[in-house]
Amino acid sequence: MRRCAHILNLVVTSGLKDYAKSIKVIRNAVKYVRSSPSRLNKFKQCIEDEKISMGGSVCLEVPTRWNSTFLMLESAIKYRKAFERMEDDSQYFGYFILDSSLGDEEANQNESRIGPPCSRDWDEAEKFMMFLELFFVVTKRFSGSLYVTSNMYFHDLCTIYTHITSCIEDDDPKLSHMACDMKLKFDKYWGELGKVNPLLFVAVVLDPRYKKQYVDWSFDEIYGINDVSNKMKKKSCDLLNGEMMKSNTSDPKVKLPK
């Protein structure tokens with residue numbers, strides 16, 4: 001299941017580049033208010049002026065981990081009005097350099113000072129955060145070590161697939177393009193029979209809430225009614241029958257799924 005979490009990280013990372021600019025300017029704004037006690041105090045004053053309930057402060061991301069990007073955006077968006085009020089502070093506004101005023105080379109050199117976030121950046125970040133929320137929750141489940149996770153895999157796989165395919169048809173071209181990139185990565189790791197451990201399907205068949213009919217229906221939804229789907233159904237069923245025959249040959253009451 002840890003490998004599943006790693007694959008999910010690769011799927012999500014492939015889509016981050018579409019929102020890189022909005023993420024960057026919000027990251028820079030968070031860096032600014034966290035860079036000194038005096039700046040942080042001014043930010044807290046803006047939070048009080050906007051009458052926003054304090055539920056923790058803004059946090060910085062770890063660049064190599066997308067889930068920390070989600071947490072950074074989640075905390076920053078909560079205080080969006082406070083950041084917008086910070087623009088009345090000449091030091092805050094004067095610290096940033098407008099991206100449109102720089103060439104490509106200058107933009108790279110001054111990347112940490114591009115900003116501040118505009119309304120479009122906040123709107124895009126909020127939409128992106130809502131899109132990422134499902135992946136964040138599923139990654140936490142996949143990474144669990146104090147509870148059983150194998151029975152969750154197939155449900156989450158179907159949920160992720162449905163989420164990505166629905167976003168491909170979204171009216172927002174940026175979100176749709178990002179979902180297409182993620183779908184390619186999804187198909188690369190989970191789109192073929194040989195790339196998925198069939199034991200993870202067996203765990204769902206043994207769950208009395210779902211049984212084999214649910215697995216068969218889900219295969220048809222993800223892979224279509226074709227040879228790939230039929231092969232997956234047969235392989236998972238054969239594996240289950242084999243395991244049950246090994247452990248229950250002495251019990252004639254055991255009925256194997258067809």
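Residues numbered from 1 in each chain as written. Predicted model: local features only at pLDDT ≥ 70, side-chain atom pairs only at ≥ 80, totals over all residues. Heavy atoms only, no water.

A. Quick peek at the overall build of the protein chain. Scanning the protein chain from terminus to terminus reveals 13 helices and zero strands. Overall, the protein chain shows an N-to-C arrangement of helices and strands of α-α-α-α-α-α-α-α-α-α-α-α-α. Counting all 258 residues of the protein chain, 43% fall into the buried class. Residue pairs in contact within the protein chain that sit at least 24 positions apart in sequence constitute 69% of those at least 6 positions apart. Accessible surface, the protein chain as shown: approximately 14300 Å² in total, 53% of it carbon and sulfur. (Helix = DSSP H or I, 4+ residues; strand = E, 2+ residues; numbered from the N terminus. Buried < 20%, exposed > 50% of the residue type's maximum accessible area, 1.4 Å probe, protein only. Contact = heavy atoms within 4.5 Å. Areas by Shrake-Rupley, 256 points an atom, 1.4 Å probe, with all protein chains shown as cover.)

B. Just helix H10 (residues 173–190), in detail. Across its 18 residues, H10 extends 25 Å between first and last C-alpha, which sits within 8% of the 26 Å expected from 1.5 Å per residue. Those residues of H10 that fall on the buried side of the exposure criterion are Leu175, Ser176, Met178, Ala179, Asp181, Met182, Lys183, Phe186 and Trp190. Put simply, aspartate 172 is the residue that caps the front of H10, since its side-chain oxygen is 3.0 Å from the backbone nitrogen of lysine 174. (Expected span 1.5 Å × (residues − 1). Polar contact = N/O pair within 3.5 Å; in protein donor to acceptor, adjacent residues only side chain to side chain.)

C. Seen up close, the packing of helix H4 (residues 66–78) against helix H8 (residues 119–142). Packing of H4 against H8 leaves a shortest axis separation of 9 Å and a crossing angle of 130°. The angle between H4 and H8 places the two elements in the oblique class. Here the hand of the crossing between H4 and H8 comes out left-handed. Contacts between H4 and H8 involve Trp66, Asn67, Phe70, Leu71, Leu73, Glu74, Ala76 and Ile77 on the former and, on the latter, Trp122, Ala125, Glu126, Phe128, Met129, Leu132, Glu133, Phe135, Phe136 and Thr139. When the residues that make up the contact of H4 with H8 are grouped by side-chain class, the tally is 13 nonpolar, two polar and three charged. (Axes fitted to C-alpha atoms, helices over the stretch in contact; angles between N-to-C directions. Parallel < 35°, antiparallel > 145°, perpendicular 65-115°, else oblique. Left-handed = near helix turned anticlockwise from the far one by under 90°. Nonpolar A, V, L, I, M, F, W, Y, C, P; charged D, E, K, R; others polar.)

D. Summary view of the packing of aromatic side chains. Counted under the stated rule, the structure contains 12 aromatic pairs. Judged by centre distance (5.5 Å) and plane angle (40°), the ring pair of phenylalanine 83 and tryptophan 122 falls under tilted. Remark: tryptophan 122 occurs in helix H8 and phenylalanine 83 occurs in helix H5 (residues 80–86); sequence separation between them is 39 residues. For phenylalanine 83, a relative accessible area of 2% translates into the label buried. Among the residues examined, tryptophan 122 registers a relative accessible area of 1% and is labelled buried. Ring geometry for tyrosine 161 against phenylalanine 186: centres 5.8 Å apart, planes inclined by 45°, an arrangement best described as tilted. Here tyrosine 161, found in helix H9 (residues 153–168), pairs with phenylalanine 186, found in helix H10; they are 25 residues apart in sequence, far enough to count as distant. (Phe/Tyr/Trp six-rings, centres within 6.5 Å; stacked < 30°, edge-to-face > 60°.)

E. Looking closely at the pattern of salt bridges. Enumeration over the complete set of coordinates arrives at 12 salt bridges. The partner of aspartate 172 in a salt bridge is lysine 127, and the shortest N-O contact between them spans 3.3 Å. Of this pair, aspartate 172 sits in the loop between H9 and H10 while lysine 127 is found in helix H8, placing the two residues 45 residues apart along the sequence. Lysine 127 gets classed as partly exposed once you look at its relative accessible area, which sits at 34%. Lysine 183 serves as the salt-bridge partner of aspartate 187, at 2.8 Å between the closest nitrogen and oxygen. Taken together, the residues span about one helical turn, with aspartate 187 and lysine 183 both in helix H10 at a distance of four residues. By relative accessible area, which is 31% here, aspartate 187 ends up partly exposed. Taken together, the salt bridges that share partners define one network made up of Arg80, Glu84 and Asp123. (Salt bridge = Lys/Arg side-chain N within 4 Å of Asp/Glu carboxyl O.)

F. Summary view of the side chain of lysine 24. Structurally, lysine 24 can be placed in helix H2 (residues 20–34). What makes lysine 24 buried here is its relative accessible area of 18%. Ignoring anything within four residues of it in the chain, the contact list for lysine 24 reads Glu111 and Ile114.

G. Region of interest: the packing of H2 against H8. Running from amino to carboxyl end, H2 crosses H8 at an angle of 110°, the nearest separation of the two axes being 9 Å. Relative to H8, the element H2 is oriented roughly perpendicular. Between H2 and H8, the contacting residues are Lys21, Ser22, Ile23, Val25 and Ile26 on the first element and Asp121, Trp122, Glu124, Ala125 and Phe128 on the second.

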